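Breakdown of the fold
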Amino acid sequence: EDDGRSHLYAAESTERSFDMGSTSLNAPAAPGGQPSSSMSKEVYFHAKNDIGMSMPYDKDLLWIAEASLHMPLPEGWEEVTSAQGERVYRNTKLKIELLMRPQTLICKNLYQETLRKQEMESAMGMSMEEEKIARIVLVDQATGLNFFHYVLPGKNLVGKSREQVDIVLDSRACSKKHGYLERREARFFVGDLGSTNGTFVGTFPGTSFRRVEPGAGVEIVDGQLLMFADVECTLVVPDGKEEQNMASSLSLDVHELHGKFASVQHEEVPEHQERAGPVAPAAARHEVHGGHGAEEEERGRPGKHDGGKHDARQSFDVDPMSHVQESAIPVQDSM
């Protein structure tokens, strides 16, 4: 299972190495992260038109677009021609067809999270080492691809509204402002913001989830299973000592630090913290699924917090998540 390290990269002066699950890449890059001259035009238009970068503002991130172009198809995917003569990407096991390359969607996710990281670094006045940042990892419902989202210092709002949250979840069962993930120094908490379908933490022993009451911040740990409505994810935290060292080096009080959109959030119930309990092992997971094809919303700056309209098709009359066990947790479309 992907442990959240699949999107890590190491930058060297003459080479960038990528390891994205079963997909690995060694792509040449010029100093400063610029693509090689032979690839510049193709990389530029791929970055702008497919990944959604704002040029020239994001020129230092062109290495992500070059990575996308060099990356082979992830395991289980193949490029085929549809009955209509279109080039599509098919995963037979998941019963999914995409019009957009899976590699492009993976690198879109990497680009969006890199932007979040850079904005936080600018606010804090310091750099954060990518491999030391906690994150949640999940399987995207619409595409079946492994995505991740950083859990940055302070409060990270979670939901489906691209204009109102920091971490966008592509599910109609999620509320616009559904919940939050908060990092306080080297500790982590999850909370619910009065969502329609609830926020849950995995419990052990057993195979169930425990609902988080609105206004209550529940402490979570590395490997903790979480659910925001029907979206299951796992918290991945680097080595505890590294996280503690990173927290102690912050130049401001992270208790007062919030994500970009947290300033518009007003919680009516005073927060308190309680422990989520031991982490459920992988064998004790109890997953649910909900609606696919979540709403696409426009946002201001091109390429920012936008998964893009990748047109995931269910080409085989079978739910791609049909192998996942149904939960007793009911879900409904949320406004």
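The shown structure was predicted, so the numbers you read here are calculated from the model rather than taken from an experiment. (Residues numbered from 1 in each chain as written. Predicted model: local features only at pLDDT ≥ 70, side-chain atom pairs only at ≥ 80, totals over all residues. Heavy atoms only, no water.)

With that out of the way, let us pick up the pairing of strand β5 (residues 87–91). Relative to β5, strand β4 (residues 78–81) runs antiparallel, the two sharing four bridges. Counted as the bridge partner of T81 is R87 from β5. What sits between the antiparallel neighbours β4 and β5 is a turn of five residues, in which G85 has the positive phi angle 85 degrees. Across three bridges, β5 lies against strand β6 (residues 96–98) in antiparallel orientation. The partner of Y89 across the bridge, within β6, is L98. (Pairing = 2+ DSSP bridges. Helix = DSSP H or I, 4+ residues; strand = E, 2+ residues; numbered from the N terminus.)

Pairing is antiparallel in the open sheet, where six strands are placed in the order β8-β7-β17-β16-β13-β14. Either end of the sheet is taken by a strand with one partner, and the two such strands are β8 (146–150) and β14 (209–211). The mean angle between the axes of side-by-side strands here comes to 30 degrees, regardless of whether they run parallel or antiparallel. Note that strand β16 (residues 225–228) and strand β17 (residues 231–236) share four bridges and pair antiparallel. Bridge pairing in β17 links F228 to V231. (Axes fitted to C-alpha atoms, helices over the stretch in contact; angles between N-to-C directions.)

Here the chain averages 74 in pLDDT, and 59% of its residues register 70 or above. In this model, residues 263–273 is a region of pLDDT below 50 whose contacts with residues beyond four sequence positions or in other chains number 22 contacts. Confidence over residues 278–309 falls short of pLDDT 50; this stretch has 108 contacts with residues more than four positions distant or in other chains. (pLDDT = per-residue confidence, 0-100. Contact = heavy atoms within 4.5 Å.)

Grouped together as the largest cluster of nonpolar side chains are 25 residues, with contacts concentrated most on I51, M53, L61, I64, Y111, M128 and L152. Of all the secondary-structure elements, those providing two or more residues to this core are α1 (40–51), α2 (62–70), α3 (102–124) and β8. Not counting chain neighbours up to four residues away, the residues in contact with I64 comprise I51, M53, C107, L110, Y111 and T114. (Core = buried A, V, L, I, M, F, W, Y, C linked by side-chain atoms within 4.5 Å. Buried < 20%, exposed > 50% of the residue type's maximum accessible area, 1.4 Å probe, protein only.)

The alternating pattern of β16 places L225 and M227 and L226 and F228 on opposite faces, both of which are buried. In terms of strand pairing, strand β13 (residues 199–202) meets β16 through three bridges, oriented antiparallel. Note on β16: the bridge partner recorded for V201 is L226. Hairpin remark: β16 followed by β17, antiparallel, with two residues in the connecting loop; positive phi at A229, about 60 degrees.

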